[in-house]
Each structure stands twice: as structure tokens, then as C-alpha cells.
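Results of the structural survey
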Amino acid sequence: MTGPGSKLRTLAIANQKGGVGKTTTAINLGTALAAIGERVLVIDLDPQGNASTGLGVPPEARDRTMYDALVGAVSLAEAAVQTAIPGLCVVPANSDLVGLEADLSGDASRAYKLRDAVAVLAAQAETRPADQSFRYVLIDCPPSLNILTLNALAAADAVLVPVQCEFFALEGISQLKDTIEQIRATLNPSLEIQGVVLTMHDARTTLSREVAQEVRGFFGSKVYESVIPRNTRVAEAPSHGKPILLYDYDCAGSQAYIRLATEIIERERQTKAA
Ligand code: ATP
Ligand code: MG
């Protein structure tokens, strides 16, 4: 049950490898969690702004952005835009974020800007009714290890790692594991891996099956049972500014993201009970 006293959970969707399904997962997992009844804030932390576009916020509608929130000009709640999905908001991003590193260069707490902003939402989750606060924050990270990703990993309770079922999938992963260890030793001692999600899986190819097996061998039970299939509807949806669940609820991609959301909620329950 959610309600006053609920804990906010902040998940960073990260993998410095490009094009593995981070943004697609942020959009569609966010939608699926909201469809299940959780209140979700997606934070677009990529200057490309793909999560903003995919959630229906075009560049001209991005008045207050993640840049404004990270420099402290607005709160996340003030910058949040309601999407077409009840219970799902997004803080949009644009290319302003490119300049953040330089703008914060002299600031000793530059890696903690997002953590401090999220702390305000966490306090609200504990005191306000469930319909006036967020239960999940999902951070869509850029494909690099810059100040933006550091802010995400410093702010997050846990990391969700999308891995594309293709050759070289594991290449970036051991690097990401090292990064998470470094962050635990420095910025955020309690950072965990929530789980690893296999994306763009094609059950017809041996390669997809082999990569899936290899990733499960490496990460064991951290890998979710739910696998996201390669599905053209999933790739089409963002150009209509819609999550896949709104674009085509019945397709295999939508159903996979609903299963993933259910699995994540279950894993969160177990974490809490442990
Ligand atoms: P970047 O590192 O550039 O931020 P990313 O990790 O966020 O990329 P996405 O943008 O989510 O990756 O996905 C990369 C491409 O793959 C996009 O064109 C997207 O539409 C497509 N894609 C993602 N998931 C699927 C899927 N399940 N089926 C088919 N296409 C997909
Ligand atoms: Mg992306």
C-alpha cells in the first residue's frame, strides 16, 4: 500500500553503452508502473531529450527543464510536466544540459545536485497523501560517465541496467560494474543494482539466446525473468510521442514492460522485507 509514510524509490537507468534501450525502458517502465497504480516521475537526464519527446513533451514545450532543476532555479516538482498517462510525470531535458559540467565546475557539491533535489520529493512521499507525491523516480541517463550520470548514481537507491541482446553486450557491463563499485566507495555507499533487463531480444536468433545466457551467467539472479523482445511497435511509438502501452497495448513489447514492472515491484517488496 502506498500512502503517507511511503518511501520514494529512485532508480537510475544506466549503461554507458549507447543505444541499449535505456530511454525506451525509462518511458515504458514508467508507464507500466503508473498503469499498475504507482505514481512515477521520469527524469530526463540526457541532453538528447529523447525521453521527453517519447513522453509527448516536444522541445518547444520544455519551459522548465532538468538544467533549471540541477542549478537550483526550480524544484523537480515545479519542473515536472504531466504526461497523457495518469500518475506519470516527466521533468524534460534539452541541450542546456550540455553546459552543466562547465557551469558547475567550481562547485564542490556538483555531483549531489540531483540527490538534493530528489530528497525534497522523498520528504513529500513520507508526509503527503499518495495521490500528491511520487513513489518512483526513474532517471534516464545519457550514454556516458559524465557529471550527469554521476548525479544520477549519487541520487539513486539502485541502478537498473538495460543490456541489449547483441554481440559485445558484456563489453560495457564490466566497466559499469566497476563504476558502481567506485560510486559505492565515494558518492553513494548504499547504491545497489536493482536488476539487469535484457532488451531487444530476438528469440529466433542463436545470438540473442547466447547473449542472454552469458548475461545470466555473469549477473545470476540479478537478471529479470522478464525479457523485452525486439518489437517494431516499440521503436515506432516515440515518433508518435507515446509510450508503447498507449500506442499498442496488446503488442508483445507492451506486455513485456508490464511484466517487468510487476517483477520490479515484487523485488522492491522483497528488499523491504529483508
Ligand atoms: P542512448 O544511449 O543513445 O541514450 P538508449 O540506451 O537510451 O540510447 P534507446 O534510445 O532506448 O536506447 O533505444 C535505441 C534504439 O533502439 C531506438 O531507436 C529504439 O526505438 C530502439 N529500441 C529500443 N528498444 C526496442 C525494442 N524492444 N524493440 C525494437 N526497437 C527498440
Ligand atoms: Mg537514451
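Quick caveat: nothing in here was measured; it's all calculated off a predicted structure. (Residues numbered from 1 in each chain as written. Chains lettered and ligands numbered in written order. Predicted model: local features only at pLDDT ≥ 70, side-chain atom pairs only at ≥ 80, totals over all residues. Heavy atoms only, no water.)

Our next topic: the pattern of salt bridges. Here the structure, examined in full by the defined rule, presents 11 salt bridges. Across the pair R115 and D116 runs a salt bridge whose closest N-O atoms are separated by 3.5 Å. Notably, a salt bridge pairs D248 with R233, separated by 2.9 Å at the nearest N-O pair. One end of the pair, D248, is in the loop between α11 (244–247) and α12 (252–273); the other, R233, is in helix α10 (residues 232–236), with 15 residues separating them in the sequence. Each of R233, E236 and D248 takes part in one network of salt bridges that share partners. (Salt bridge = Lys/Arg side-chain N within 4 Å of Asp/Glu carboxyl O. Helix = DSSP H or I, 4+ residues; strand = E, 2+ residues; numbered from the N terminus.)

Let us look at the state of the cysteines. Tallying each qualifying case throughout the model produces zero disulfides. Between C141, a free cysteine, and C89, which holds the nearest cysteine sulfur, the sulfur-to-sulfur gap is 19 Å. The cysteine C251 is free of any disulfide, with C165 supplying the nearest cysteine sulfur at 17 Å. A residue is classified by how much of its surface remains accessible, and C251, at 8% relative accessible area, is buried. (Disulfide = S-S within 2.5 Å. Buried < 20%, exposed > 50% of the residue type's maximum accessible area, 1.4 Å probe, protein only.)

Okay, the environment of R62 next. Relative to the elements of secondary structure, R62 occurs in the loop between α2 (50–54) and α3 (66–70). Spatially, the C-alpha atom of R62 lies 6.2 Å from that of P92, the residues being 30 residues apart in sequence. In terms of polar contacts, R62 uses its side chain to reach the side chain of T53, at 2.8 Å. Here the side chain of R62 touches V57 through a polar contact of 2.8 Å, landing on its backbone oxygen. (Polar contact = N/O pair within 3.5 Å; in protein donor to acceptor, adjacent residues only side chain to side chain.)

Right, let's get into the site of ligand 1. Taken together, 17 residues sit near ligand 1, with K22, T23, T24, P229 and N231 positioned nearest. Within the backbone of G21, a nitrogen or oxygen atom sits 3.0 Å from an oxygen atom of ligand 1. Computed on the free molecule, ligand 1 has an accessible area of 630 Å², of which 80% lies beneath the protein chains in the complex. Looking at the shell around ligand 1, the elements with two or more residues in it are α1 (22–36) and α10. By residue number, the principal contributor to the shell around ligand 1 is α1, which donates three residues. (Near = heavy atom within 4 Å. Areas by Shrake-Rupley, 256 points an atom, 1.4 Å probe, with all protein chains shown as cover.)

Turning our eyes to something else, we now look at unusual backbone geometry. Despite not being glycine, M200 shows a phi value in the positive range, around 50°. Of note, M200 is situated in the loop between β7 (192–199) and α9 (206–219).

Let's shift gears to empty space enclosed by the protein. Summed over all chains, the structure comprises one cavity of 30 Å³ or more. For the largest cavity, the calculated volume is near 30 Å³. Lining of the largest cavity is provided by A14, N15, Q16, C141, P142, S144, L145, T149 and L176. A class-by-class count of the residues in the lining of the largest cavity yields five nonpolar, four polar and no charged. (1 Å grid on protein atoms, 1.4 Å probe; cavity = no way out; pocket = protein on both sides within 12 Å on 5 of 7 lines; lining within 4 Å. Points joined across faces, edges and corners; volume = space filled by probe spheres on them. Nonpolar A, V, L, I, M, F, W, Y, C, P; charged D, E, K, R; others polar.)

Looking now at the nonpolar core. Membership of the largest hydrophobic core comes to 55 residues, with the highest contact counts inside it found for L41, I43, L45, M66, L76 and L114. The element best represented in this core is helix α7 (residues 147–155), accounting for six residues. The residues touching M66, leaving out its near neighbours within four places in the chain, are I43, D44, L45, L76, V91, P92, L97 and L114. In terms of nonpolar packing, the next biggest core, distinct from the first, is built from 35 residues, L29, V40, V90 and V234 among them. (Core = buried A, V, L, I, M, F, W, Y, C linked by side-chain atoms within 4.5 Å. Contact = heavy atoms within 4.5 Å.)

This paragraph deals with the layout of surface pockets. Here the largest pocket defines a volume of roughly 500 Å³. Residue lining of the largest pocket: 31 residues in total, with G21, K22, T23, T24 and M200 positioned closest to the centre. Counting only elements with at least two residues in the lining of the largest pocket, the list comes to α1, α2 and α10. Considered class by class, the residues forming the lining of the largest pocket number 14 nonpolar, 13 polar and four charged. Along its surface, the second largest pocket is lined by 19 residues, and K7, L8, R9, T10 and D157 are the ones closest to its centre. Breaking the lining of the second largest pocket down by element, the ones donating at least two residues are β1 (9–13), α6 (113–127), α7 and α12. Residue contributions to the lining of the second largest pocket peak at five residues, all from α6. Looking at the lining of the second largest pocket, its residues break down into seven nonpolar, four polar and eight charged.

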